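# Structural overview
Spelled out, the chains give:
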Amino acid sequence: QMVSQDWNYFKGNFYYFSYTPKTWYSAQQFCMSRNSHLTSVTSKSEQEFLYKTASDFPFWIGLTKTGSEGNWFWTDNTPFNDPSLRFWIPGEPNNAGNNEHCALIRIPLLMSWNDASCDKTLPFVCKQPYVPSEP
Ligand code: 2F8
Ligand code: CA
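The model shown is predicted, which means the values in this text are computed figures rather than measured ones. (Residues numbered from 1 in each chain as written. Chains lettered and ligands numbered in written order. Predicted model: local features only at pLDDT ≥ 70, side-chain atom pairs only at ≥ 80, totals over all residues. Heavy atoms only, no water.)

Moving on, we come to the packing of aromatic side chains. Under the defined criterion, the tally for this structure stands at 15 aromatic pairs. When the centroid spacing of 5.3 Å and the interplanar angle of 85° are considered together, the rings of W88 and W113 count as edge-to-face. Remark: W113 occurs in strand β7 (residues 113–116) and W88 occurs in the loop between β5 (72–74) and β6 (102–105); sequence separation between them is 25 residues. A single burial state applies to W88 and to W113, both of which are buried. Each member of the aromatic cluster is reached from another via a ring pair, and the members are W72, W74, F80, F87, W88 and W113. (Phe/Tyr/Trp six-rings, centres within 6.5 Å; stacked < 30°, edge-to-face > 60°. Helix = DSSP H or I, 4+ residues; strand = E, 2+ residues; numbered from the N terminus. Buried < 20%, exposed > 50% of the residue type's maximum accessible area, 1.4 Å probe, protein only.)

Two cysteines joined by a covalent bond between their sulfur atoms form a disulfide. Within this structure, the stated rule accounts for two disulfides. Bridging C31 to C126, the disulfide has an S-S length of 2.0 Å. On the sign convention where negative is left-handed, the bridge of C31 and C126, at about -80° about the S-S bond, is left-handed. Taken together, the positions of C31 in helix α1 (residues 24–33) and C126 in strand β8 (residues 122–129) put the pair 95 residues apart, joining distant regions of the chain. With relative accessibility at 0%, the residue C126 sits in the buried group. With a sulfur-sulfur separation of 2.0 Å, C102 is cross-linked through a disulfide to C118. Of note, the bridge from C102 to C118 carries an S-S torsion of about 100° and is right-handed in sense. With C102 in strand β6 and C118 in the loop between β7 and β8, the pair connects residues that are 16 residues apart, well separated along the chain. Here the bonded cysteines of the chain are numbered in sequence order, and their pairing is 1-4, 2-3. (Disulfide = S-S within 2.5 Å.)

Within the secondary structure, D56 is located in the loop between α2 (44–53) and β4 (59–65). Relative accessible area serves as the criterion here: at 37%, D56 is assigned to the partly exposed category. Each C-alpha atom, one on D56 and one on F124, is 9.9 Å from the other, the two residues being 68 residues apart in sequence. Excluding anything up to four places from it in sequence, D56 contacts Y19 and P123. (Contact = heavy atoms within 4.5 Å.)

This paragraph deals with the site of ligand 1. Around ligand 1, the neighbouring residues are E92, N94, E100, R106, N114, D115 and K120. At 2.9 Å from an oxygen atom of ligand 1 is found a side-chain nitrogen or oxygen belonging to N94. In the shell around ligand 1, the residues fall into no nonpolar, two polar and five charged. (Near = heavy atom within 4 Å. Polar contact = N/O pair within 3.5 Å; in protein donor to acceptor, adjacent residues only side chain to side chain. Nonpolar A, V, L, I, M, F, W, Y, C, P; charged D, E, K, R; others polar.)

Here the chain averages 95 in pLDDT, and 99% of its residues register 70 or above. Scoring of the predicted complex yields 0.94 for pTM and 0.91 for ipTM. (pLDDT = per-residue confidence, 0-100.)

Next up, the structure:
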């Protein structure tokens with residue numbers, strides 16, 4: 001597994017914090033071109049790692065909807081079914097203007113997710129699993 005030194009290791013995954021603003025889709029395309037996805041959040045400690053490591057807010061994460069009225073899902077196929085692992089800011093997601101279908105971490109706090117327009121250009125975080133042994 002080739003991972004450049006720009007990637008940051010945490011508990012079995014490598015993370016790339018990009019401060020070059022992109023739309024959600026274009027950020028996801030960037031991550032996919034680097035064998036990764038926009039980051040999922042699978043634990044409280046991962047959520048804390050993300051908001052503590054990023055030095056600029058807000059930033060895109062890999063959470064979006066199946067359609068404008070669809071269900072939220074993680075682009076890396078992590079299940080989105082555990083209510084204790086949803087870190088929305090109180091009052092979010094509110095789908096403001098009926099046009100907020102992508103999620104971001106907005107503030108350096110545990111409960112920090114907001115839904116926003118996917119067309120916003122923001123910093124973002126890519127994640128790829130560490131593959132322990134490759135020939
Ligand atoms: O107050 C929360 C609200 O703040 C903004 O709307 C005024 C955000 N909009 C954008 O970031 C475009 C909402 O997503 C957010 O819910
Ligand atoms: Ca919102």
